[in-house]
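# Structure assessment
One letter stands for each residue in the lines below.
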Amino acid sequence: MRSLRAPFLALALLAQAALAHAFDFDTLSGLAGERSQAPWVEAPAALPPDLGALDYDGLRDIRFRRDRALWRESALPFEAMFFHRGKYAPQPVRVHEVAPDGSVQPVPYQPAAFDYGRNAVDPQAWGDLGFAGFRLHYPLNSSAYKDELVVFLGASYFRALGAGQQYGLSARGLAIDTVGGAGEEFPRFTEFWLERPAADAREVVVYALLESPRATGAYRFVLRPGNQTTMEVRARVFVRPGTPPVATLGIAPLTSMFLFGENQPSRSDFRPEVHDSDGLLVATAGGEWLWRPLVHPRQVLVNTFQVQGLAGFGLMQRDRTFANYEDVEARYERRPSAWVRPLGDWGPGRVELVQLPTPDETHDNIVAYWVPATLPAPGEPFDFSYELSWQGDEQQRPPGAWVQQTRRGFGYVREGSSVAGQVQYLVDFSGPSLAALPPDAPVRAVASADANGVVEEQNAYFNPATRSWRMQLRVRPIDPAQPVELRAFLQHGNDSLSETWTNIILPDAVH
């Protein structure tokens, strides 16, 4: 019964709170705290039979009518449109509007707001279904048209765009036991509150209630569209008392796709690269920058990057050249990077990178998130804030030099030379610290391997074709059946010139 009445109880609680003060983050936090003290009950996801029977094409034929967009009648700069529920997005979410005075009113599901195309269905008989999610529109690329700006759809997933970008990777509100536990739990946003913007607004505010079997949370998003769209995120999470312990609490999780790239080329696809992101970038509070090229592993691969303080992390799409993808439909060179910058001190912890095997490019297989060293106590509020930037050609880079590309393999090998049992990498770097040096500067590669690897050769030299610097590494795994962790950077005198390139040699990479 509680699950059926939950939306109405939420409205009643909010109405009581509104008598004392207008709706705000504390109101939502109080609701999340209340929910955390009760057992989780999943909201009913049953669909009317005729709606549940629609296949992929049938559901694609259901479209929200643009003239019914929330706020369109007031000619506001932002508009909200809604996604219909169906077999691929069955769980309902409730949406509310927050007026300028702080009062709250529901945004009801109305069949007339949708065009059902050629589907032979009777939506008038379905009642108040709620929505599957929503998207916000804004004149991002032209004042004559309101483009999609952000989508909230499915579990706690959301993704946004800057000017000139196309959808790629996604973010989530929270990740629970992606690895390390008995199985991953997917918290979901069950209710949203959209703050009505002013007539001249350049930002819009979205509130969300997060719920799952072991956690609840209050979220506030401030979206600021532009060439680099930013989202200021404030969150307060509660772990439910009396539930199984959380092994891995993933903060600010990002989800992406890597199928193949220059470091792991396809042998059959005409496209040189297929990925939404090509690397993980981590910046420590101590000033070190780490770059890890992504791979498509044969089995689950988990890497952690322990830091005492975090300045930022992100899944980046550094390669912005069409010729490196040759996909006129997917346009991978337009996919955004996502950079997370903590607002406040997050303390010690680790950035965790999870890479999964995937059959094709339609399935995400890359996850990255922050794991605090100390998990919150059950029932106690756990607060964190961060800025999430959706970046295009102008993106976060270290101040000195950065990796442009990573390639693996041998070229011509002279007869009599032996490279058996070795792996070779060629890594190109560029950036202001290198551009300031003459081509004959004594730049050297500083490389190291873990206990299972021996660095046989390490060189750095100027590349006149690209006016960048190339690092050459040859590494021999001691036990070819085990992986090898590598670290390398460029140095001039006593000065570190570049970010630290990190990589892993997998057993199938040995020559």
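Up top is the structure.
Not measured: the values here are computed from a predicted model. (Residues numbered from 1 in each chain as written. Predicted model: local features only at pLDDT ≥ 70, side-chain atom pairs only at ≥ 80, totals over all residues. Heavy atoms only, no water.)

## Regarding empty space enclosed by the protein
For the structure shown, the criterion picks out 2 cavities of 30 Å³ or more. Taken as a whole, the largest cavity spans an internal volume of roughly 100 Å³. Surrounding the largest cavity, 13 residues form its lining, Glu262, Asp278, Trp291, Pro293 and Thr406 being those nearest its centre. Elements represented by at least two residues in the lining of the largest cavity include exactly strand 19 (289-293) and strand 26 (402-408). The dominant element in the lining of the largest cavity, judged by the number of residues it contributes, is strand 26, at 4 residues. (1 Å grid on protein atoms, 1.4 Å probe; cavity = no way out; pocket = protein on both sides within 12 Å on 5 of 7 lines; lining within 4 Å. Points joined across faces, edges and corners; volume = space filled by probe spheres on them. Helix = DSSP H or I, 4+ residues; strand = E, 2+ residues; numbered from the N terminus.)

## Details of helix 2 (residues 25-36)
For helix 2, spanning 12 residues, the distance from its first C-alpha to its last is 16 Å, which sits close to the expected 16 Å at 1.5 Å a residue. Judged by how many residues are buried, helix 2 sits mostly within the fold: 9 of 12 residues are covered. For helix 2, the set of buried residues is Phe25, Thr27, Leu28, Ser29, Leu31, Ala32, Gly33, Arg35 and Ser36. The distance from a side-chain oxygen at the start of helix 2 to the backbone nitrogen of Asp26 is 3.2 Å, and the residue carrying that oxygen is Asp24. (Expected span 1.5 Å × (residues − 1). Buried < 20%, exposed > 50% of the residue type's maximum accessible area, 1.4 Å probe, protein only. Polar contact = N/O pair within 3.5 Å; in protein donor to acceptor, adjacent residues only side chain to side chain.)

## So, the pattern of salt bridges
Within this structure, the stated rule accounts for 32 salt bridges. When the shortest N-O distance is used, the salt bridge between Glu97 and Arg196 registers 3.0 Å. Linking Glu97 in strand 3 (residues 94-98) with Arg196 in the loop between strand 11 (188-195) and strand 12 (204-212), this pair joins segments that are 99 residues apart in sequence. What makes Glu97 buried here is its relative accessible area of 7%. Exposure remark for Arg196: the relative accessible area of 25% places this residue in the partly exposed category. (Salt bridge = Lys/Arg side-chain N within 4 Å of Asp/Glu carboxyl O.)

## Focus: the nonpolar core
Within the largest apolar cluster, 85 residues are counted, with the highest numbers of intra-cluster contacts made by Phe82, Tyr219, Phe221, Met231, Phe313 and Leu388. Residues contacting Met231, with those up to four places away along its chain left out, are Val150, Phe152, Phe158, Ala160, Phe221, Val222, Leu223, Tyr386, Glu387, Leu388 and Trp390. Among the nonpolar cores identified, the runner-up in size contains 31 residues, and Leu437, Val443, Ala447 and Leu473 belong to it. (Core = buried A, V, L, I, M, F, W, Y, C linked by side-chain atoms within 4.5 Å. Contact = heavy atoms within 4.5 Å.)

## Some remarks on the packing of aromatic side chains
Within this structure, the stated rule accounts for 31 aromatic pairs. Plain terms: the ring middles of Phe152 and Phe221 are 5.3 Å apart, the flat faces sit at 70° to each other, and that makes the pair edge-to-face. With a gap of 69 residues between them, Phe152 in strand 7 (residues 145-153) and Phe221 in strand 13 (residues 215-224) connect regions that are remote in the sequence. By relative accessible area, which is 0% here, Phe221 ends up buried. With a centroid separation of 6.0 Å and 85° between ring planes, the pair formed by Trp346 and Tyr386 is classed as edge-to-face. Residue Trp346 is found in the loop between strand 22 (337-342) and strand 23 (349-355), and its partner Tyr386 is found in strand 25 (residues 382-391); the two are separated by 40 residues along the sequence. Assessed through its relative accessible area of 1%, Tyr386 is described here as buried. (Phe/Tyr/Trp six-rings, centres within 6.5 Å; stacked < 30°, edge-to-face > 60°.)

## So, unusual backbone geometry
Positive phi is not limited to glycine here, since Ala155 has a value of about 50°. Relative to the helices and strands, Ala155 resides in the loop between strand 7 and strand 8 (157-160).

## Overview of the pairing of strand 25
The buried fraction of strand 25 is high, at 7 of 10 residues. When strand 14 (residues 229-239) meets strand 25, the two strands line up antiparallel, connected through 9 bridges. Across the sheet, the residue bridging to Met231 is Leu388, located in strand 25. In terms of strand pairing, strand 22 meets strand 25 through 6 bridges, oriented antiparallel. Across the sheet, Val340 pairs through a bridge with Leu388, a residue of strand 25. (Pairing = 2+ DSSP bridges.)

## Some thoughts on the side chain of Glu499
With respect to the helices, strands and loops of the structure, Glu499 is situated in the loop between strand 32 (495-496) and strand 33 (500-505). Residue Glu499 is classed as buried on the basis of its relative accessible area, which comes to 1%. In this structure, Glu499 is in contact with Leu281, Trp289, Trp291, Arg318, Pro398, Ala401, Trp402, Val403, Phe429, Ala488 and Phe489, ignoring residues within four places of it in sequence.

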